[in-house]
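Summary of structural features
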Amino acid sequence: MKKYIVRIMLGLLITSILAVPNAAAEVPVPEPIMIDEGMTGSDSMYLDMEMDFARLQINPGHSNMQIKPGNSDKVTVTVTNKDNETITAAPFVSVFPYGDNLFEESWVTITPVSADIAPDAKQEFVIEVNIPQDADIGYYSTSIAFTEDVMPTPYPTPYPDYLNSMHFSVDVWTPPKIQIQTPYISGRVESGESYDYEIKLENVADKDISIDPKIDDNNRMYDYGPFGMMSSAFEDDAITITAPSVVKAGETVIVNVHLEVPDDSKGNYNGAIDLNIDDPSIREWDGQVQMNFNVWTQPTEPYTKTFTTRTDGPATIEISSNPYSEYAYAMWMGADTQDKKEPSFDVTLEDDSGEVEMTLVKTTYSGSVSLGMSNFPPWEVDSTGIYQDLSSSYIEEYSAPCAAGDWTLGILPGNADMFSYTITFGPGE
Amino acid sequence: MKNSTALSLVLLIALLVAAISGCNMGAEDAPFENSVVWIGTPPAESENIGKKIIQQVIPYAGTEYENITISTSQKNDKLRLHVSSVSANTMHPDLYDFTYNYDNNDLIRVSYLLEAIPESVRSEAIGIAMLNEQIRDVLSTGMGGNSIPSVKRILPETAEKFYEPKTLLSVTWKDSSLSALVDVDTGQVVEVWSGN
């Protein structure tokens, strides 16, 4: 009896050993194309061009849906056969094996299940997505392939790259229960000064929701400059946050943000306050209040320029702010437009005998406005005909009696980060 | 008894139908009545025109327009409408120009300039643009001056001509003729324009 068992076991073992290559051959894994020794990278590209695969045109190539849990949506995709023979398109979901959220194949129904498409013929497929009630909020991405043809690679890849496929994404969302009425804080701040800001949060749900606002750990994600990451104007500890721990149902609370700008700070601070709202419908990014501060050091000493005039007569001095500061000017204004600050200049003129009286002759606001006809990127062509400010400038013109001799002009700017001046001798207009 | 029950049922159904239709009408009318402000004297058929405009002005995804103001002008028998839409806590408005043809009740969008974009998205778009090598090269030469770039929403019908039919953002340094067309969803710069 034992002999029989041993023979059976041996037989099974030999059979299984012989069966392994055959079984492996039946697994539909795309066979990687191997590069011969001595073949260059550019040579390998010709292999791709010679391979045989179905040529389908898929429109749209990308599709994005926003769906609430428990709801559904659908999109119609048109597939055109660009080949010279009939192709069977049998769409299927190819889930990307990465990302924060993995797409579930079971959410998608595609009709028809398959279709034979004649050369140059079109076939519509309806992709319907049903999001289950218990799905996690988030962004899901996948690929929907219409044939099994894959992009050949000279090395094994973790997942196949289907040639006849479309990118498909679903944003699973629910309306937030806490409305953040102050989604960002920005403005120009002075070093050595302190500022107070308020973030208003309204609870529109019928139950209390807890919050725990803190400076976000991954701050300054987008503090880029032309040379890469830039250092921050000040550290997070310059900001103090005080807030209640709960927002009661139907009520509005205020999160207080206090900023003490250090005396030696310069440049920009980009950061965020993570409100840590206990509401799964609010995603990490949406539960943040972005902060952008441009630190400004107000000079206390005037800029000085010495000059010499050889003749007696009036001098005309013109001072203008930076003409390209339209957006920078908005920064002066801060988020609250009631706190509008105009540029200004304190101007003095003196010689050895002392200061002379200067008369403000003229104040000018100048600017240039485009109607979008020229020197705009082609994708902004649809703004043609709408007024767009290109530059704006504030100009002050002074007149002063100037005897021949050496003079010193002093200019102390306010609310201006760049200015230019001209000094003209001779009779005015 | 049976007749009175049947009559009650008919009345109940009639009331329900009236209530439901009333709710639907209210839902459609509410945004229009609450948000549109006409500057000056409203034109003829202003209610109908206002409703058509509401259907064509769409704020940035996830935001709402707080108010929509419409001013009008007349040129060559055509009514021109200038629409300014303001979203909460955005620095700039969305601007649209339309023409309205009274003969066929047709409202045509002529131009748009959409800058009502949440600050976080705006910062993200600028960050993505500045990671692009071509943009970085130009800015590092100092040609970008000191200006902060403008960020404008490009609608899918325009974006389709340059990339795909989806909302994109245009990040433009006006004083250096430099612009990046940014897909915030994928974090990519899909086109760069440098004045040529």
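Counting restarts for each chain, with residues numbered from 1 along the sequence as it is written. Lettering for chains starts from A, numbering for ligands starts from 1, and both go in the order in which the items are written. Side-chain atom pairs in this predicted model are given and counted only at pLDDT of 80 or more, local residue features only at pLDDT of at least 70, and totals for whole chains, interfaces and linings cover all residues. Side-chain descriptors were evaluated using all non-hydrogen atoms of the structure, hydrogens and water having been removed beforehand.

**Side note on the overall build of chain B**
Helix and strand definitions follow DSSP, with helices as H or I runs of at least four residues and strands as E runs of at least two, each counted in order from the N terminus. Across its full length, chain B holds 5 helices and 9 strands. The order of helices and strands in chain B, counted from the N terminus, is α-β-α-β-β-β-β-α-α-β-α-β-β-β. Counting the 196 residues in chain B, one finds 42% classified as buried. For chain B, the exposed area adds up to about 10200 Å²; of that, 53% sits on carbon and sulfur atoms. Using a 1.4 Å probe on the protein chains alone, a residue whose accessible area is under 20% of its type maximum counts as buried, one over 50% counts as exposed, and one in between counts as partly exposed. Each accessible area is a Shrake-Rupley result for a 1.4 Å probe, and residues are judged covered by the shown protein chains and nothing else.

**What about the overall build of chain A?**
Within chain A, the regular secondary structure consists of 3 helices and 30 strands. Contacts were defined at the residue level, with two residues in contact if any of their heavy atoms lie within 4.5 Å. Sequence-distant contacts, at least 24 apart, represent 77% of the contacts inside chain A between residues at least 6 apart. Summing over all exposed atoms, chain A offers an accessible surface of approximately 24800 Å²; the carbon and sulfur share of this is 51%.

**Structural notes on the nonpolar core**
All names here are of chain A. If you look at the biggest cluster of nonpolar residues, it comprises 31 residues, and the most contacted ones within it are Ile199, Leu201, Phe234, Leu259 and Phe293. Contributions of two or more residues to this core are made by β11 (178–180), β12 (184–190), β13 (194–203), β20 (252–260), β21 (267–274) and β22 (288–296). Contacts of Leu201, omitting those with residues within four sequence positions, involve Ile178, Gln179, Ile180, Ile211, Val247, Glu251, Thr252, Val253, Val255 and Leu275. Formed by 29 residues, the second largest nonpolar core is a distinct cluster that contains Ala54, Val75, Val93 and Phe168. As used here, the term nonpolar core means buried Ala, Val, Leu, Ile, Met, Phe, Trp, Tyr and Cys residues forming a set that is joined through side-chain atoms within 4.5 Å.

**Observations regarding helix α3 (residues 119–130) of chain B**
All names here are of chain B. Each residue after the first adds 1.5 Å to the expected span of a helix. Relative to the 16 Å expected for 12 residues at 1.5 Å per residue, α3 spans 16 Å between its end C-alpha atoms, a close match to the ideal helical length. For α3, the tally of buried residues reaches 11 of 12 residues, placing the bulk of the element in the interior. Within α3, the full set of buried residues consists of Glu119, Ser120, Val121, Arg122, Glu124, Ala125, Ile126, Gly127, Ile128, Ala129 and Met130.

**Here we look at the sheet that holds strand β30 (residues 419–425) of chain A**
Residues and elements named next belong to chain A. One open sheet accounts for 4 strands, arranged β27-β28-β24-β30; its pairing is antiparallel. Unpaired on one side and paired on the other, β27 (359–370) and β30 mark the two borders of the sheet. Neighbour-to-neighbour, the strand axes of this sheet turn through a mean angle of 20°, independent of strand direction. Where β27 meets strand β28 (residues 388–402), 11 bridges bridge the pair, whose relative direction is antiparallel. Each residue of the ladder has a partner; that of Thr363, found in β28, is Glu396. Pairing between strands requires that DSSP locate at least two bridges from one strand to the other. Interaxial angle, 0 to 180 degrees, is taken between N-to-C directions of lines fitted to C-alpha atoms, where a helix line uses only the stretch in contact.

**Quick look at the pairing of strand β9 (residues 188–193) of chain B**
Residues and elements named next belong to chain B. When strand β8 (residues 178–183) meets β9, the two strands line up antiparallel, connected through 5 bridges. Pairing of Ser179 across the sheet is with Trp193, part of β9. The hairpin formed by β8 and β9 contains 4 residues between the paired strands, and Gly187 there has a positive phi angle of roughly 70°.

**Regarding the sheet that holds β11(A)**
Residue and element names in this part refer to chain A. Strand order in the open sheet made by the 4 strands is β11-β13-β20-β18, with antiparallel pairing throughout. Of all strands in the sheet, those bounded by a partner on one side alone are β11 and β18 (239–242). Direction aside, neighbouring strands of the sheet carry axes that sit 25° apart on average. One ladder, built from 3 bridges, connects β11 with β13; its direction is antiparallel. Bridge pairing in β13 links Ile178 to Asn203.

**Concerning unusual backbone geometry**
Residue and element names in this part refer to chain A. A cis amide bond, omega 0°, links Asn59 with the succeeding residue Pro60. Locating Pro60 in the fold gives a position in the loop between β1 (56–59) and β2 (62–67). Pro112 follows Thr111 through a cis peptide bond whose omega is -5°. Note on placement: Pro112 falls in the loop between β6 (108–111) and β7 (115–117). If you check the backbone angles, Asn276 has positive phi at about 45° while not being a glycine.

**Remarks on the pattern of salt bridges**
Think of it this way: side chains of opposite charge can pair up when their charged atoms draw near. Only one rule defines a salt bridge in this text: a Lys or Arg side-chain nitrogen within 4 Å of an Asp or Glu carboxyl oxygen. Considering all chains together, one arrives at 10 salt bridges over all chains under this definition. For A:Asp212, the salt bridge goes to A:Lys214, with nearest N and O atoms at 2.7 Å. The exposure class of A:Lys214 is partly exposed, given its relative accessible area of 45%. In this structure, the salt-bridge partner of B:Arg153 is B:Asp94, at a minimum N-O distance of 2.9 Å. Taken together, the residues B:Arg153 in strand β6 (residues 150–154) and B:Asp94 in strand β4 (residues 94–101) connect sequence positions 59 residues apart. You'll find B:Arg153 and B:Asp94 in the same group, each marked buried.

**Some words on the confidence of the model for chain A**
Residues and elements named next belong to chain A. Chain-level statistics for chain A give a pLDDT mean of 79 and a share of 78% at 70 or above. A residue's pLDDT is simply how confident the predictor is in it, with values from 0 to 100. Overall, residues 1–49 carries pLDDT values under 50, and its contacts beyond four positions in sequence, including any with other chains, amount to 14 contacts. Residue range residues 326–339 is modelled with pLDDT below 50. Its contacts to residues more than four positions away, or to other chains, number 35 contacts.

**Brief notes about a nonpolar patch on the surface**
All names here are of chain A. On the surface, a nonpolar cluster with roughly 480 Å² of combined accessible area is contributed by Val369, Leu371, Met373 and Tyr387. One can find Tyr387 in the loop between β27 and β28. Relative accessible area serves as the criterion here: at 64%, Tyr387 is assigned to the exposed category. Here, patches come from residues exposed beyond 30% relative accessible area and free of salt bridges, joined within 9 Å for like charges and within 5 Å for nonpolar side chains (Val, Leu, Ile, Met, Phe, Trp, Tyr).

**So, the side chain of B:Thr99**
Residue and element names in this part refer to chain B. By the secondary structure assignment, Thr99 is in strand β4. Classification of Thr99 by relative accessible area gives buried; the value is 15%. Excluding its chain neighbours within four sequence positions, the residues that come into contact with Thr99 are Leu79, Arg80, Leu81, Asp106, Leu107, Ile108 and Val110.

**Thoughts on the confidence of the model for chain B**
For chain B, per-residue confidence averages 78 on the pLDDT scale, and 78% of positions sit at 70 or higher. With a pTM of 0.53, the predicted complex shows an ipTM of 0.79.

**Examining the environment of B:Ile154**
With respect to the helices and strands, B:Ile154 occurs in strand β6. For the pair B:Ile154 and B:Glu115, spaced 39 residues apart in sequence, the C-alpha to C-alpha distance is 9.6 Å. Setting aside anything within four residues of it in sequence, one finds B:Ile154 in contact with A:Trp379, A:Glu380, B:Tyr112, B:Ala159, B:Lys166, B:Thr167, B:Leu168, B:Ser170 and B:Leu181.

**Focus on the packing of aromatic side chains**
Here a pair means two rings of Phe, Tyr or Trp (six-membered ring of Trp) with centres within 6.5 Å. Their orientation is stacked below 30 degrees between planes, edge-to-face above 60, and tilted elsewhere. The full count for this structure, using the stated rule, is 18 aromatic pairs over all chains. Where A:Trp379 meets B:Phe162, the ring centres are 5.6 Å apart and the plane angle is 85°; that geometry is what we call edge-to-face. Placement of A:Trp379 in the loop between β27 and β28 and of B:Phe162 in the loop between α5 (156–159) and β7 (168–173) is noted, with the two residues assigned to different chains. On the basis of relative accessible area, B:Phe162 is assigned to the partly exposed category, the value being 24%. Through a chain of ring-to-ring contacts, three or more aromatic side chains come together here, namely A:Tyr303, A:Phe345, A:Tyr365, A:Tyr394, A:Phe419 and A:Tyr421. Here the basic side chain of A:Arg55 rests over the ring of A:Phe53, its NZ or CZ set 4.5 Å away from the ring centre. For a ring to carry a charge above it, either NZ of a lysine or CZ of an arginine must fall within 6 Å of the ring centroid while also lying within 35 degrees of the normal to the ring plane.

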